[in-house]
Amino acid sequence: MVETSATTPTFFTSAQRQVMDHVLNRIIPANGAFPGAGSLPVLDYIERVVAPSAPLKRLFTQGLQHLAVVSQRQYGQAFSDLAAEPQDTVLRAVETDRPGFFHALITHTYSGYYSHPTVLALLGMEVRPPQPRGYTLAPFDLSLLDHVKQRQPLYRSP
Amino acid sequence: MAERHERVDVLVIGAGASGAALTWRLSQAGIHVMCLEQGGWIDPQTYPSVRDEWELHRQGDFNPDPNMRGLSVDYPVNNTESPIAPLMYNAVGGSTIHWSAHFPRFRPSDFRLRTLDGVADDWPMTYAELEPFFDLNDRMMGVAGVTGDPAYPPKSPRQTPPIPLGTLGDTMVRGFEKLGWHWWPSDSAILTRPYDGRHACNNCGPCDIGCVQRAKASTDITYWPKALAQGAVLKTQARVREITVRKDGLADGVLYYDADGRIQEQKAQVVVVACNGIGTPRLLLNSRSSLFPDGLANGSGLVGRNLMFHPYAMVTGVFDESLEGYKGPNGCSIISQEFYETDLSRGFVRGYSFQVVRGTGPVSTALGGIVRQRVPWGAMHRQVFDMRFDKTITIAVIGEDLPEPHNQVVLDPHLTDSDGIPAPKVIYTLSDNSRKMMEHGMARAAEALQAAGAYEIQANPLLRPAGWHLMGTARMGTHLRNSVVDAHGRCHDVKNLFIIDGSILVTGGAVNPTSTIQALALYIAEYMQQNARHLLA
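Residues numbered from 1 in each chain as written. Chains lettered and ligands numbered in written order. Predicted model: local features only at pLDDT ≥ 70, side-chain atom pairs only at ≥ 80, totals over all residues. Heavy atoms only, no water.

- Naming follows an unreviewed UniProt entry, where chain A appears as Gluconate 2-dehydrogenase subunit 3 family protein of Tectimicrobiota bacterium.

Shown next as structure tokens:
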């Protein structure tokens, strides 16, 4: 996960942050030892990606507006006040109506979540980048090829 | 007014796979070579694999698609009329910076399609004629592999032993063995032991975001240091706008933009184009003059035509057990050429290879892995992710796509790069033959994965971000009627202009082309060196 820095630009209002926490917990709900995406700083990651990008800011602003409209229209309530099942229904409607927003939402939620050290540890991975240590694998066992070597040439000689 | 520089013997445009090889060979012979590259040097220590957020760089500065990266050294490619999106990297080393370093050679039959199968055209040379140059290039790049593969004529010893298989590779080998199909540890330009001052691979995984270890061959660490030590000159952040011509119709040099966007003029006795199968026709088509109103060296009308990608179908098997698929070079290196040669009873001509690909990291897995089928959000998310993560093997079906004139690179009327140079547009459709080939390959790949123990199969019949191999757009041949260049990469209608990248391939084979492209570049360099007195007169 990218380090948070003091100069990180902000984008979401506090009201939007509250809604997004609920959204993230429905996209990747808590399950067993795995926390929901809203319980990890995934939203901070999304904000760092969205804040510097005018097209992404537009997508998220319009997408969250639409989410609020659908919640009110279908249930007469704010998204944050809905139970899990109606929240999923609203999100499915937004997925259909605003595919660009939803695609960006999923991409950056998954990216923030699955690069977080807590999640990597739960997946049984060593919490470190691939380099400089790399991984150890047994050398190639050349005797595996004995059988293939016995075949007739497979190429045509023009 | 352009700033002028002293004339050089040979000016090479592009510092990637082929440009590096030719520059090294000519500078070794004492020829004064200058190379212009629009990208810059990248310090291997700065590649993302040392950072915690390494996987996220695939969405940014290490996205293989230049349109997605959008770096100032890149140029955009209009890919809206192609089901396959071209991929490339712009830097010293070119696309060898982000390649997986698969290094198989084209096979003998790949040079004789017309004679053997009655389709496309023969090459103006044979496998045997290129063989010494394959060998020389292998020594320069450093190849992991082993001799004895029945799919090829005997080869010289490989520089290091093959890439380790790991649990994933062992599992897949059992599938191929059960079916009795050919498989082999494909040649890879990745060192498994120290060689030529470079380190051995430490199996970190993501070759596609650059190799910190310098085990994967990229020409910035293989050919270039040697070429520069021999006196070759490499100018970076030098983006060529056009090749200029003299009154007699010979190439005179180039006009290029430097890092500050200032126009510069460089004259040369001989100009060599090495900008890849899209960049090369783009440059030639942008080099229009009263003598060459349809683009330079385009008397044949074939510049930009016969664009070939390798269509890739991706078939993923899901297994019960963990496969440790994130350990080891992600291209893995197992190749199967059971279905490479023509068998018309299959319903198509020519054939394909299988390449086994290792697993993906957590972010890539969630986003859909290699087949791009995203893990669903919501209540099912955890279950589906856990079923897939580190439990998949993917077989890439890489098919031979035949040259067709209507598949082409043209100039986009609106799109430009950051210097205002018109950008390319690709227009491409997949032929019936290729479609049938891919269908056959997907069914056989599923069979192999099931034989290895997969309980579920996912498939993507035509991967969109798969345009790694850009070929055919300035093809070799015998005459202006059928080709842009002759057997030595020399343009039929501009005798001091050479083309040496994937553009000149007559046909595309069904394996990764870099080994063959570089062997050809060395073959052409040999010709230029032997004829230097005449060429540089």
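Now that the structure is up, let's keep going.
1. Re the packing of aromatic side chains
Any two aromatic rings considered together are summarised by their centre-to-centre distance and by the angle between their planes.
Residue and element names in this part refer to chain B.
Right, on to step 1. For the structure shown, the criterion picks out 27 aromatic pairs over all chains.
Right, on to step 2. A centroid spacing of 5.8 Å and a plane angle of 70 degrees characterise the contact between Phe-106 and Trp-123, whose relative ring orientation is edge-to-face. Of this pair, Phe-106 sits in the loop between strand E3 (78-81) and helix H3 (113-117) while Trp-123 sits in the loop between H3 and helix H4 (127-141), and the two are 17 residues apart along the sequence. Each of the two residues, Phe-106 as well as Trp-123, counts as buried.
Right, on to step 3. If you follow Arg-107 out to its NZ or CZ, it ends over the ring of Tyr-152, 5.9 Å from the centre. (Phe/Tyr/Trp six-rings, centres within 6.5 Å; stacked < 30°, edge-to-face > 60°. Helix = DSSP H or I, 4+ residues; strand = E, 2+ residues; numbered from the N terminus. Buried < 20%, exposed > 50% of the residue type's maximum accessible area, 1.4 Å probe, protein only. Lys NZ or Arg CZ within 6 Å of the ring centre and 35° of its normal.)

2. Section: the nonpolar core
Right, on to step 1. Core analysis: the largest hydrophobic core is formed by 134 residues, its most contacted members being Met-172, Phe-176, Ile-243, Leu-497 and Met-528 of chain B.
Right, on to step 2. Sorting elements by how many residues they give to this core places helix H11 (residues 514-530) of chain B first, with 10 residues.
Right, on to step 3. Here Phe-176 of chain B is in contact with Trp-181, His-182, Trp-183, Ile-334, Ser-336, Phe-354, Val-356, Ile-395 and Ala-448 of chain B, once residues within four sequence places are set aside.
Right, on to step 4. Leu-43, Ala-93 and Leu-123 of chain A together with Phe-385 of chain B belong to the second largest nonpolar core, which has 50 residues in total. (Core = buried A, V, L, I, M, F, W, Y, C linked by side-chain atoms within 4.5 Å. Contact = heavy atoms within 4.5 Å.)

3. A closer look at helix H4 (residues 84-97) of chain A
Residues and elements named next belong to chain A.
Right, on to step 1. Over its 14 residues, H4 extends 20 Å from the first C-alpha to the last, a length consistent with the 20 Å expected when each residue adds 1.5 Å.
Right, on to step 2. Pro-86, Gln-87, Asp-88, Val-90, Leu-91, Ala-93 and Val-94 are the residues of H4 that are buried.
Right, on to step 3. Elements in contact with the buried residues of H4: helix H1 (14-27), helix H3 (54-75) and helix H5 (99-113). (Expected span 1.5 Å × (residues − 1).)

4. Considering the sheet that holds strand E14 (residues 422-427) of chain B
Residue and element names in this part refer to chain B.
Right, on to step 1. The strand order across the open sheet built from 3 strands is E3-E14-E13, with neighbouring strands paired in mixed fashion. The open sheet has two free edges, formed respectively by E3 and strand E13 (408-416), since each of these has just one partner strand. Taking the axes of each pair of neighbouring strands and ignoring which way they run, one obtains an average angle of 40 degrees across the sheet.
Right, on to step 2. Here 5 bridges tie E13 to E14, and the two strands are oriented antiparallel to one another. Along E14, the bridge assignment pairs Val-409 with Val-426.
Right, on to step 3. Against the sheet, helix H7 (residues 276-286) touches E13 and E14, its axis set at about 65 degrees to E13. (Pairing = 2+ DSSP bridges. Axes fitted to C-alpha atoms, helices over the stretch in contact; angles between N-to-C directions.)

5. Considering the environment of Ala-101 of chain B
Right, on to step 1. Assignment of secondary structure puts Ala-101 of chain B in the loop between E3 and H3.
Right, on to step 2. Among residues more than four places away in sequence, those in contact with Ala-101 of chain B are Asp-187, Ser-188, Ala-189, Ile-190 and Lys-216 of chain B.

6. A word on the interface of chain B and chain A
Interface size is commonly expressed as the accessible area that is lost once the parts come together.
Right, on to step 1. Listed by partner, the interface residues are 63 residues for chain B and 49 residues for chain A.
Right, on to step 2. Between chain B and chain A, a total of about 4,900 Å² is buried, with carbon and sulfur atoms accounting for 66% of that surface.
Right, on to step 3. Counting the surface chain B buries against chain A, the share from its top three residues, Pro-150, Trp-377 and Arg-382 of chain B, is 17%.
Right, on to step 4. Summed over the shared surface of chain B and chain A, the result is 4 salt bridges.
Right, on to step 5. A salt bridge links Arg-374 of chain B to Glu-95 of chain A; its shortest N-O distance comes to 3.9 Å.
Right, on to step 6. At the boundary of chain B with chain A, the tally comes to 23 residue pairs in polar contact (both at pLDDT 80 or more).
Right, on to step 7. Of all elements in the fold, only H3, helix H5 (166-179), strand E4 (184-185), helix H8 (362-366) and helix H9 (381-388) of chain B reach the threshold of two or more residues within the side of chain B that touches chain A.
Right, on to step 8. Class assignment for the residues of the side of chain B that touches chain A results in 33 nonpolar, 15 polar and 15 charged. (Buried area = accessible area lost by both parts, 1.4 Å probe. Salt bridge = Lys/Arg side-chain N within 4 Å of Asp/Glu carboxyl O. Polar contact = N/O pair within 3.5 Å; in protein donor to acceptor, adjacent residues only side chain to side chain. Nonpolar A, V, L, I, M, F, W, Y, C, P; charged D, E, K, R; others polar.)

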